[in-house]
Amino acid sequence: DTEVTQTPKHLVMGMTNKKSLKCEQHMGHRAMYWYKQKAKKPPELMFVYSYEKLSINESVPSRFSPECPNSSLLNLHLHALQPEDSALYLCASSQGQGSSYNEQFFGPGTRLTVL
Amino acid sequence: AQTVTQSQPEMSVQEAETVTLSCTYDTSESNYYLFWYKQPPSRQMILVIRQEAYKQQNATENRFSVNFQKAAKSFSLKISDSQLGDTAMYFCAFMKQYGGATNKLIFGTGTLLAVQP
């Protein structure tokens with residue numbers, strides 16, 4: 001299974017809502033990533049988890065809270081978002097440490113709209 | 001720090017024709033990887049082709065091939081026999097070798113390719 005899955009595909013939320021994005025992979029990868037992508041722009045790295053530990057936080061506002069319950073799952077908890085947070089949120093995974101070639105496999109993304 | 005530059009924001013090609021997308025990069029690293037990713041309107045980011053910097057031979061994948069010029073720090077993508085399904089945003093990306101999980105993908109700004117019937 002060489003697939004990264006993300007749910008939901010689309011999410012509309014108000015600024016006072018709390019919601020979560022989910023990502024799952026069954027490739028035995030030990031690194032997982034969250035990216036934010038605006039239209040016609042490259043993905044921007046938000047967080048990296050390596051062996052279920054947060055290893056990179058690219059100065060993301062605290063209204064975004066990542067969680068890695070186990071090596072196959074990655075969540076992104078959302079609270080008190082702003083309209084400018086509307087974007088495509090991509091999850092990716094890779095083999096992680098010990099690999100010379102760390103190809104990232106991307107999920108299909110969640111299209112988030114904040115009203 | 002590494003940078004990746006794609007100087008063509010948009011391109012158009014007729015179906016069955018050949019098109020070349022440009023990418024240049026800057027790095028002081030000796031060992032690294034270069035990638036072309038495709039992102040169609042369906043949004044899925046798909047790896048098209050990769051090149052190891054230590055390999056002199058240019059990578060090819062079916063209708064996709066690259067022209068890797070290490071000294072010039074250039075990495076262009078050639079798409080032969082263009083098909084309507086090739087319509088997508090194409091991102092050039094750089095990654096150091098042996099960086100582990102914290103090894104970041106450095107993306108260019110992208111080239112939006114439209115294949116015309």
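Residues numbered from 1 in each chain as written. Chains lettered and ligands numbered in written order. Predicted model: local features only at pLDDT ≥ 70, side-chain atom pairs only at ≥ 80, totals over all residues. Heavy atoms only, no water.

Here's the deal with the sheet that holds strand S8 (residues 73-79) of chain A
Residue and element names in this part refer to chain A.
- In space, the four strands of this open sheet follow the order S1-S3-S8-S7, with antiparallel pairing throughout. This sheet does not close on itself; its edge strands, each paired only once, are strand S1 (4-7) and strand S7 (64-70). Between one strand axis and the next, the sheet turns through 20° on average, direction left out of account.
- Pairing of strand S3 (residues 18-25) with S8, which is carried by seven bridges, proceeds in the antiparallel orientation. Across the sheet, Lys19 pairs through a bridge with Leu78, a residue of S8. (Pairing = 2+ DSSP bridges. Helix = DSSP H or I, 4+ residues; strand = E, 2+ residues; numbered from the N terminus. Axes fitted to C-alpha atoms, helices over the stretch in contact; angles between N-to-C directions.)

Describing the packing of aromatic side chains
- Counting across every chain of the model gives 14 aromatic pairs over all chains.
- Note on Tyr25 of chain B and Tyr32 of chain B: the rings are 5.4 Å apart at their centroids and 65° apart in plane angle, and the pair reads as edge-to-face.
- The exposure class assigned to Tyr25 of chain B is buried, which follows from its relative accessible area of 5%.
- For the ring pair Tyr37 of chain B and Phe107 of chain B, a centre distance of 6.1 Å and an interplane angle of 55° mean the geometry is tilted. Here Phe107 of chain B lies in strand S11 (residues 106-107) and Tyr37 of chain B lies in strand S5 (residues 32-39), a separation of 70 residues in the sequence. Like Tyr37 of chain B, the residue Phe107 of chain B is buried in the burial classification.
- These aromatic residues form a ring-pair network of at least three members: Tyr33, Tyr35 and Phe106 of chain A together with Tyr33, Phe35, Tyr37, Phe91 and Phe107 of chain B. (Phe/Tyr/Trp six-rings, centres within 6.5 Å; stacked < 30°, edge-to-face > 60°. Buried < 20%, exposed > 50% of the residue type's maximum accessible area, 1.4 Å probe, protein only.)

Re the nonpolar core
- Of all hydrophobic cores here, the largest spans 25 residues; its most connected members are Tyr25, Trp36, Phe75, Leu77 and Tyr90 of chain B.
- Of all the elements in the fold, those that place two or more residues in this core are strand S3 (19-21), S5, strand S6 (46-52), strand S8 (64-69), strand S9 (74-79), strand S10 (88-96) and strand S12 (111-116) of chain B.
- With four residues, the single largest contributor to this core is S10 of chain B.
- One finds Met32, Cys68, Leu81 and Cys91 of chain A within the second-largest nonpolar core, a separate group that totals 23 residues. (Core = buried A, V, L, I, M, F, W, Y, C linked by side-chain atoms within 4.5 Å.)

Describing the interface of chain A and chain B
- Each partner contributes to the interface: chain A provides 31 residues, whereas chain B provides 24 residues.
- Between chain A and chain B, the buried area comes to about 2200 Å², and carbon and sulfur atoms account for 58% of it.
- The tally of links from chain A across to chain B stands at two salt bridges.
- Among the salt bridges present, the one from Arg50 of chain B reaches Glu103 of chain A, with a minimum N-O distance of 3.7 Å. (Contact = heavy atoms within 4.5 Å. Buried area = accessible area lost by both parts, 1.4 Å probe. Salt bridge = Lys/Arg side-chain N within 4 Å of Asp/Glu carboxyl O.)

Remarks on the side chain of Ser65 of chain B
Residues and elements named next belong to chain B.
- Tracing the backbone through its elements, the reader meets Ser65 in strand S8.
- Overall, Ser65 belongs to the buried group, its relative accessible area being 17%.
- Residues contacting Ser65, with those up to four places away along its chain left out, are Ile49, Ala59, Thr60, Ser76, Leu77 and Lys78.

Some points on unusual backbone geometry
- Thr7 of chain A connects to Pro8 of chain A through a cis peptide bond whose omega is -10°.
- By the element assignment, Pro8 of chain A lies in the loop between S1 and strand S2 (10-13).
- Phi is positive for Ala80 of chain A, close to 55°, though the residue is something other than glycine.
- Tracing the sequence through the fold places Ala80 of chain A in the loop between S8 and strand S9 (87-94).
- The partly exposed category is assigned to Ala80 of chain A, whose relative accessible area is 31%.
- A positive phi angle, near 80°, is found at Ala16 of chain B, a position not held by glycine.
- If you trace the backbone, Ala16 of chain B turns up in the loop between strand S2 (10-14) and S3.

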